[in-house]
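# Report on the structure
One letter stands for each residue in the lines below.
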Amino acid sequence: MADRPLTPRPPWEGRRVVLGVTGGIAAYKAVQVARDLTRLGARVDTVLTESVRAFVAPLSFEGVTGREAHTELLAGEGRALHIGLGQEADLILVAPATADFVARAAQGRSDDLLGTTLLVTRAPVLLAPAMNDRMYGHTQSQRNLEHCRDVLGYRLAGPGVGPLAAGEGAGPGRMLEPEALVDHAGRILGADSRLEGRRILVTAGPTWEPLDPVRYLGNRSSGRMGFALAREAWLRGGDVVLVAGPSELPDPVGVRTVRIRTAREMFREVEAHIPEADVTIFAAAVSDFRPREVRSQKTKKGPGVSGPGPIELIENPDIALETVGLKRDGAVVVGFALETEKLRERALEKLRDKDFDFIVANDPGEEGAGFEVETNRVLILDRQGEEERLPLLRKDIVAGAILDRAASRLSQVDVRSGS
Ligand code: C5P
């Protein structure tokens with residue numbers, strides 16, 4: 001029987017989040033944010049402003065967090081809640097943050113529990129603005145948000161563009177979806193100082209090489225490994241560009257995703273971004289060949305048609321090989337090798353030939369590894385001759401292990417170059 005992938009402990013275990021919820025229609029989505037953060041291990045204390053209680057009840061939050069939801073500035077039992085919550089927090093997330101709340105936060109008002117908590121805390125504060133598009137566009141709201149961001153150092157997640165409350169149409173002002181907010185919170189809770197603010201370039205997915213207007217040569221890559229790397233890199237604080245071939249996966253939150261189809265398009269994007277990257281990870285399964293000619297009409301079958309004829313293939317550029325020379329001094333470059341035989345030997349050749357700092361090798365024939373699955377079992381080989389074989393793991397965990405290694409390599413290089 002194949003061994004089961006290891007599941008990690010919840011990532012935010014032991015972390016304390018204060019979730020402030022203020023009076024807008026998007027408040028119902030805050031219940032899911034509270035639930036998801038709790039499921040990820042965080043201890044979530046909810047603070048509700050008075051106006052939000054018309055939209056959603058404290059009990060909803062208590063049900064999903066297993067903790068009392070706070071509403072009063074001066075609670076009973078002699079507890080200095082207005083001080084304690086802010087002091088103990090690792091993160092304060094306000095979702096939704098209404099126009100009125102943002103105005104009060106910008107002024108530093110302390111006439112409710114959320115206000116005092118914000119003044120007391122020295123933890124990062126993340127606001128998820130949610131308001132009507134006209135209110136959002138008003139100069140005063142913009143000024144208040146700028147003040148929160150530029151003077152108070154609060155971070156802003158959104159707002160997004162999309163349908164607003166019923167009858168209000170669509171526009172900028174919509175609160176980001178709970179999953180995206182949880183990712184924004186995760187980027188603060190999980191920041192890795194070695195990767196924070198670093199530029200990270202990832203290639204992912206297959207490439208499609210056109211034969212005619214409707215057919216292409218491609219491969220079975222789903223893009224999962226590369227997308228997981230881009231997402232994890234952003235969650236650790238990186239500034240991430242993902243150059244992705246055709247993949248059904250959605251753009252990862254926060255990641256600048258550039259969609260391309262062919263190897264040559266991927267080449268041009270990598271060429272443009274690699275000179276600035278601190279870490280580049282070549283996770284794409286690039287087609288090695290492409291048809292010499294792209295037929296202008298669909299190739300037909302049937303009577304009177306001479307048949308498809310031979311297809312002549314020519315080599316695509318090797319993106320990693322041909323762009324690695326453009327990387328900045330000290331940048332870390334990681335490659336992948338997918339081999340069905342002589343895995344170790346071929347991976348070592350590629351490590352040398354393509355000048356990677358380390359290479360991640362896997363065999364798609366092994367159960368649970370390779371394309372189209374959620375897990376991977378990899379062997380990591382580096383230039384110093386070290387080897388690490390990881391067990392069968394979820395791709396996001398494999399991505400974390402790869403980024404850990406890239407981050408320590410980056411800090412070793414930094415120490416040596418004295419930067
Ligand atoms: O295809 P191959 O096994 O040589 O791929 C090894 C590494 O080189 C992978 O990291 C892959 O993303 C990269 N590569 C590339 N351009 C190609 C072929 C491979 O960047 N044309």
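A word on the overall build of the protein. Per the secondary structure count, the protein includes 13 helices and 21 strands. Counting only residues that meet the buried cut, the protein has 49% of its 419 residues in that class. For the protein, restricting intrachain contacts to residue pairs at least 6 apart in sequence, the fraction spanning at least 24 positions comes to 68%. Accessible surface, the protein: about 20600 Å² in total, of which carbon and sulfur atoms supply 49%. Of note, the protein has its 55 positive side-chain charges centred 2 Å away from the centre of its 60 negative side-chain charges.

Our focus in this paragraph is the domain arrangement of the protein. In terms of domains, the protein is made up of domain 1 (16-189) and domain 2 (199-290 + 313-417). Of note, the centres of domain 1 and domain 2, computed from C-alpha atoms alone, are 37 Å apart. The contact between domain 1 and domain 2 buries some 550 Å² in all, and 53% of this surface belongs to carbon and sulfur atoms. On the domain 1 side of the interface with domain 2, the three residues burying the most area are D183, H184 and R187, jointly 88% of the side's total. Put simply, domain 1 and domain 2 have 1 salt bridge between them. In this structure, D183 and R231 form a salt bridge, with 2.5 Å as the shortest nitrogen-oxygen distance. Connecting domain 1 to domain 2 are 3 residue pairs in polar contact (both at pLDDT 80 or more). When the residues that make up the side of domain 1 that touches domain 2 are grouped by side-chain class, the tally is 1 nonpolar, 2 polar and 2 charged.

Calculation criteria
Residues numbered from 1 in each chain as written. Predicted model: local features only at pLDDT ≥ 70, side-chain atom pairs only at ≥ 80, totals over all residues. Heavy atoms only, no water. Helix = DSSP H or I, 4+ residues; strand = E, 2+ residues; numbered from the N terminus. Buried < 20%, exposed > 50% of the residue type's maximum accessible area, 1.4 Å probe, protein only. Contact = heavy atoms within 4.5 Å. Areas by Shrake-Rupley, 256 points an atom, 1.4 Å probe, with all protein chains shown as cover. Lys, Arg positive; Asp, Glu negative; His and termini not counted. Charge placed at Lys NZ, Arg CZ, Asp CG, Glu CD. Domains from an automatic or database assignment. Buried area = accessible area lost by both parts, 1.4 Å probe. Salt bridge = Lys/Arg side-chain N within 4 Å of Asp/Glu carboxyl O. Polar contact = N/O pair within 3.5 Å; in protein donor to acceptor, adjacent residues only side chain to side chain. Nonpolar A, V, L, I, M, F, W, Y, C, P; charged D, E, K, R; others polar.

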